[in-house]
Amino acid sequence: MDTVSRYNCIMQKLNSIISQLLPAWSAVILFLLVIYLVQKRENKHRLSLPGIPVVPRPKSDDFRAVLDEANAKYPDQPYMVPFRDPTVIIPAYCIEELKNLPDSKLSTNGSMYDRFAIRWAGSGWVDKELAHSIKYDLVNEVDSLFSTIQEEIQHSATQSLPLSDVWTSVPPQEALVQVVGAVIGRMMIGAPLSRDKKWLSASIGHAIAVVTYAGWLRQIPAILRPVFAYLLPQKRVVDESKRAIRESISPIIQKQLSGHGQTSEKTSSEQGRLVRWLLKRYKPGENPLFSPALVFRDHYSLCFAAIHGPTFLLVQAIIDLASYPQYIAPLREEIDRELAKAPFEKWTRETISRLTFTDAFCKESARMNPQGVIAWLRKTHKPITLSTGHVIPPNTLIAATNPMYNPSATPWIEDPNKFYPERWMEDRSNPHQDANYMFRSATIDSLIFGYGKHACPGRPFGVAVVKDMLAYIVSRWDVRLSGGRVKRPDNIHMDFMVMPPISPLGNLEIEFRLRK
């Protein structure tokens with residue numbers, strides 16, 4: 001066959017292939033066009049609320065400048081921000097009037113359902129049984145379990161941080177999440193299971209996987225999420241972590257259930273502590289709707305919330321410690337004072353409460369490095385009328401600008417862009433747990449742990465543990481920014497979220513060495 005004939009033969013085959021594929025490609029193109037038009041219409045509908053202006057979307061994924069301009073332009077009325085999940089931003093003072101509305105009108109679970117893909121991740125939903133287990137049962141037992149927490153901090157920190165006199169660079173998230181995961185596991189399920197490699201890997205992996213999965217899913221138009229939710233590789237990671245968690249705690253659940261589903265009263269050891277609390281509240285013997293799946297779900301949710309949140313706070317605090325080394329000496333002064341009274345393993349919750357400068361340092365770090373540019377995330381389920389006269393319709397995400405990104409809402413905080421823990425040491429005479437100066441406070445000017453009926457129920461324990469872990473690290477290690485850095489790198493802002501400048505989005509590492 002000559003060259004011309006060969007060419008003609010190839011072209012005929014190519015034309016045949018194209019003619020066969022054309023209908024399929026046409027269908028795909030038509031499908032994508034329909035999706036685009038529907039999404040465009042949906043966005044227009046979601047962004048168009050009577051009397052509520054829409055601010056422009058920034059060219060990048062950093063909304064700080066947009067929020068600055070909007071807060072100056074609309075200080076006393078709500079406005080809509082076109083995040084990937086469009087959100088109505090309400091004036092900070094409106095939180096007070098909404099904070100105790102029933103969940104049938106306004107809920108945190110609704111917001112989590114949309115923003116963190118609860119419907120597909122199966123993690124993050126908090127019902128009263130889990131909330132009350134943490135708010136009441138944990139509080140009742142925290143003093144008796146504190147010695148095990150001290151033991152776990154020492155064990156996990158020495159396993160995760162370098163035991164060397166030479167400066168060693170460490171990715172802070174990778175190291176510190178191991179410490180937090182071990183401590184939270186000791187509280188939830190107790191030793192020896194809390195140190196089991198399968199459990200540790202699953203619980204820590206789950207906290208990371210849910211955040212990663214939800215982040216990827218938010219990149220996809222809302223109308224396509226039900227399709228892509230099952231196609232993303234991160235979904236398999238989430239499911240695998242859930243499977244391993246189930247396998248780890250199933251024997252504990254079965255052991256604590258007796259005969260007709262009654263909770264065994266003899267089970268009072270630290271093994272399966274959270275299971276015991278939950279079964280007491282679910283009352284399986286009296287509740288025909290009870291299923292072990294509820295206990296599994298609550299363990300997923302607590303792994304996600306109780307590992308992710310404290311790890312974020314601890315990582316940011318260590319970065320601040322390395323960025324502002326002038327605070328190492330005053331921190332060590334009060335930590336060493338307590339160590340002179342009792343070794344670390346003998347510390348109690350009362351000991352931690354006396355670390356007032358550590359408390360102020362952690363509060364300032366959390367204030368300047370919140371987890372999002374917005375806070376108090378909720379979803380409406382019925383029409384909500386604000387004192388401004390505006391009506392927020394059902395199925396609308398709402399929030400307030402985080403005080404760090406709206407200084408006019410907290411004018412009493414002087415020089416808000418300055419890292420200055422001393423501001424929280426000026427008057428510490430009010431003993432109430434929500435006193436403004438306290439790290440654990442849940443107030444309008446400190447939305448770290450929320451505010452109102454759904455303020456974080458575990459914050460007294462979480463705050464004590466973060467301060468406890470920081471105190472142990474400060475007592476044993478020197479820290480500094482890696483690579484000869486002398487200035488704290490900016491956090492990374494993506495959509496509504498704020499993340500520390502570390503891997504995988506940044507390149508900051510922290511150098512550790514044993515204390516000189």
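Residues numbered from 1 in each chain as written. Predicted model: local features only at pLDDT ≥ 70, side-chain atom pairs only at ≥ 80, totals over all residues. Heavy atoms only, no water.

Enquirer: I'm lost on the pairing of strand S14 (residues 510–514) in this one. Help?
Expert: It is a general feature of regular strands that their side chains alternate between the two faces of the sheet. For S14, the buried fraction is high: four of the five residues fall into the buried class. Alignment of strand S4 (residues 168–170) against S14, held across three bridges, turns out to be antiparallel. Bridging across to S14, Thr-168 finds its partner in Phe-512. As defined by bridge partners, strand S11 (residues 477–481) adjoins S14 across five bridges and the pair is classed as antiparallel. Note that in S14 the partner of Leu-481 across the bridge is Ile-510. (Buried < 20%, exposed > 50% of the residue type's maximum accessible area, 1.4 Å probe, protein only. Helix = DSSP H or I, 4+ residues; strand = E, 2+ residues; numbered from the N terminus. Pairing = 2+ DSSP bridges.)

Enquirer: Help me out: how do you make sense of the environment of Lys-379 in this one?
Expert: One can find Lys-379 in strand S7 (residues 374–380). On the basis of relative accessible area, Lys-379 is assigned to the buried category, the value being 12%. Residues Lys-379 and Asn-395, 16 residues apart in the sequence, show an inter-C-alpha distance of 6.3 Å. A distance of 3.1 Å separates a polar atom in the side chain of Lys-379 from a polar atom in the side chain of Asp-114. (Polar contact = N/O pair within 3.5 Å; in protein donor to acceptor, adjacent residues only side chain to side chain.)

Enquirer: Honestly, the environment of Leu-377 in this entry has me stumped. Any pointers?
Expert: Structurally, Leu-377 is set in strand S7. Overall, the relative accessible area of 18% leaves Leu-377 in the buried class. Considered as a pair, Leu-377 and Ala-400 are 23 residues apart in the sequence and their alpha carbons are 7.5 Å apart.

Enquirer: How should I be thinking about helix H11 (residues 273–282) in this particular structure?
Expert: For H11, the tally of buried residues reaches eight of 10 residues, placing the bulk of the element in the interior. For H11, the set of buried residues is Arg-273, Leu-274, Val-275, Arg-276, Trp-277, Leu-278, Leu-279 and Tyr-282. The first or second residue beyond H11 is Lys-283, which carries a positive phi of 50 degrees.

Enquirer: I tried to follow the packing of aromatic side chains on my own but got confused; where do I start?
Expert: Two measures describe an aromatic ring pair: the distance that separates the ring centres and the angle between the ring planes. Taken as a whole, this structure holds 14 aromatic pairs when the rule is applied. Relative to Phe-83, the ring of Phe-63 lies with its centre 4.5 Å away and its plane at 50 degrees, an arrangement referred to as tilted. Of the two residues, Phe-63 sits in the loop between helix H1 (3–47) and helix H2 (64–73) while Phe-83 sits in the loop between strand S1 (79–81) and strand S2 (87–89), which places them 20 residues apart along the sequence. Pairwise contacts between aromatic rings join Tyr-324, Tyr-327, Phe-357, Phe-361 and Phe-419 into one cluster. Cation over ring: Arg-115 sits above Phe-496, and NZ or CZ is 5.0 Å from the ring centre. (Phe/Tyr/Trp six-rings, centres within 6.5 Å; stacked < 30°, edge-to-face > 60°. Lys NZ or Arg CZ within 6 Å of the ring centre and 35° of its normal.)

Enquirer: Honestly, the environment of Tyr-230 in this entry has me stumped. Any pointers?
Expert: Looking at the element boundaries, Tyr-230 is found in the loop between helix H9 (225–228) and helix H10 (233–256). Taking relative accessible area as the criterion, Tyr-230 reaches 54% and is therefore assigned exposed. When sequence neighbours within four positions are dropped, the list of residues in contact with Tyr-230 reads Trp-120 and Lys-235. (Contact = heavy atoms within 4.5 Å.)

Enquirer: I'm lost on a nonpolar patch on the surface in this one. Help?
Expert: Taken together, the side chains of Val-227, Phe-228 and Leu-231 present a nonpolar region at the surface, about 270 Å² in accessible area. Taking relative accessible area as the criterion, Leu-231 reaches 53% and is therefore assigned exposed. (Patch = residues over 30% accessible without salt bridge, like charges linked within 9 Å, V, L, I, M, F, W, Y side chains within 5 Å. Areas by Shrake-Rupley, 256 points an atom, 1.4 Å probe, with all protein chains shown as cover. Salt bridge = Lys/Arg side-chain N within 4 Å of Asp/Glu carboxyl O.)

Enquirer: I keep staring at the pattern of salt bridges and nothing clicks. Help me out?
Expert: Opposite charge on two side chains lets them pair, provided their charged atoms get close. Summed over the entire model, instances satisfying the criterion amount to 36 salt bridges. For the salt bridge of Lys-379 with Asp-114, the shortest nitrogen-to-oxygen distance reads 3.1 Å. Here Asp-114 lies in helix H4 (residues 108–115) and Lys-379 lies in strand S7, a separation of 265 residues in the sequence. Overall, the relative accessible area of 19% leaves Asp-114 in the buried class. In this structure, Lys-235 and Asp-239 form a salt bridge, with 2.8 Å as the shortest nitrogen-oxygen distance. Separated by four residues within a single helix, Lys-235 and Asp-239 lie in helix H10, roughly one turn from each other. By relative accessible area, which is 9% here, Lys-235 ends up buried. Salt bridges sharing partners connect three or more residues here, namely Glu-151, Glu-152, Arg-186, Arg-195 and Glu-270.

Enquirer: I would appreciate a short explanation of the sheet that holds S7 in the present structure.
Expert: Backbone hydrogen bonds are what pair the strands of a sheet, in a parallel or an antiparallel way. With mixed pairing, the five strands of this open sheet are ordered in space as S1-S2-S10-S7-S3. Every interior strand has two partners, whereas the edge strands, S1 and strand S3 (106–107), have only one. Bridge analysis of S7 against strand S10 (residues 397–401) gives four bridges, and the strand direction is antiparallel. For Ile-374, the partnering residue across the bridge sits in S10 and is Thr-401. Against the sheet, H2 touches S1 and S10, its axis set at about 175 degrees to S1. Of the strands in this sheet, S2, S3, S7 and S10 touch H4, which is tilted by about 100 degrees from S7. (Axes fitted to C-alpha atoms, helices over the stretch in contact; angles between N-to-C directions.)

Enquirer: For this particular structure, what's the right way to read the sheet that holds S4?
Expert: Spatial ordering of the open sheet is given by S4-S14-S11, a layout of three strands whose pairing is antiparallel. Only two strands of the sheet have a single partner each, and these edge strands are S4 and S11. Neighbour-to-neighbour, the strand axes of this sheet turn through a mean angle of 35 degrees, independent of strand direction. Across the sheet, helix H12 (residues 292–323) is in contact with S11 and S14; its angle to S11 comes to roughly 80 degrees.

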